[in-house]
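# Observations on chain architecture
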Amino acid sequence: MAVEIVTDSEFGSKLSENDKVVVKYYADWCGNCRLFSPKYKRLSNDDRFAGVSFLDVNAEQNPEARKAGGVTNLPYFAIFKGGEFVEGFAGSKEDAVVDLISKLN
């Protein structure tokens, strides 16, 4: 599944349309955010995560989506199930992101 870039105006509907969602919050100036993007795209195509929607949100330009995920630092990853925030963390270790996404299954 492809990674979708979403804004505040689309964020709520994406959460309600998809039961399992992982969000990567980033900023244009964030080097670690850019470095993690290819890994995030690869994870979105991983068969283990079929049925999980992968979203990208610019944390600086989308304060409502940022607030919904409880963003504390960047890059920040959050999972939502049934439209509700489940868990999130700041970091760029692929293993930790895989562990987080696995909690949706």
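No experiment lies behind these values; they were computed from the predicted model shown.

Here we come to the state of the cysteines. Scanning the model with the defined rule gives one disulfide in all. One disulfide in the model links Cys 30 with Cys 33; its S-S distance is 2.3 Å. Handedness here is read from the sign of the S-S torsion; for Cys 30 and Cys 33, about 80°, the answer is right-handed.

Strands sit in the order β1-β3-β2-β4-β5 across an open sheet of five strands; the sheet is mixed. For this open sheet the edge positions go to β1 (3–6) and β5 (84–90), each flanked by a neighbour on one side alone. Taking the axes of each pair of neighbouring strands and ignoring which way they run, one obtains an average angle of 25° across the sheet. Sheet analysis places β1 next to strand β3 (residues 52–58), joined by four bridges and oriented parallel.

Core analysis: the biggest nonpolar cluster contains 18 residues, and Phe 11, Val 23, Tyr 25, Val 57, Leu 74 and Phe 80 have the highest contact counts within it. Elements represented by at least two residues in this core include exactly α1 (8–17), β2 (20–26), β3 and β4 (76–81). Here this core gets four residues from one element, more than from any other, and that element is β2.

Here the focus is the side chain of Asn 58. Mapped onto the elements of the fold, Asn 58 is located in strand β3. The class for Asn 58 is buried, based on a relative accessible area of 5%. Polar side-chain contacts of Asn 58 include one of 3.0 Å to the backbone nitrogen of Glu 60. In contact with Asn 58, not counting residues within four places along its chain, are Tyr 26, Ala 27 and Asp 28.

Scoring rules and cut-offs
Residues numbered from 1 in each chain as written. Predicted model: local features only at pLDDT ≥ 70, side-chain atom pairs only at ≥ 80, totals over all residues. Heavy atoms only, no water. Disulfide = S-S within 2.5 Å. Pairing = 2+ DSSP bridges. Helix = DSSP H or I, 4+ residues; strand = E, 2+ residues; numbered from the N terminus. Axes fitted to C-alpha atoms, helices over the stretch in contact; angles between N-to-C directions. Core = buried A, V, L, I, M, F, W, Y, C linked by side-chain atoms within 4.5 Å. Buried < 20%, exposed > 50% of the residue type's maximum accessible area, 1.4 Å probe, protein only. Polar contact = N/O pair within 3.5 Å; in protein donor to acceptor, adjacent residues only side chain to side chain. Contact = heavy atoms within 4.5 Å.

By themselves, these observations are geometric and do not establish any function.
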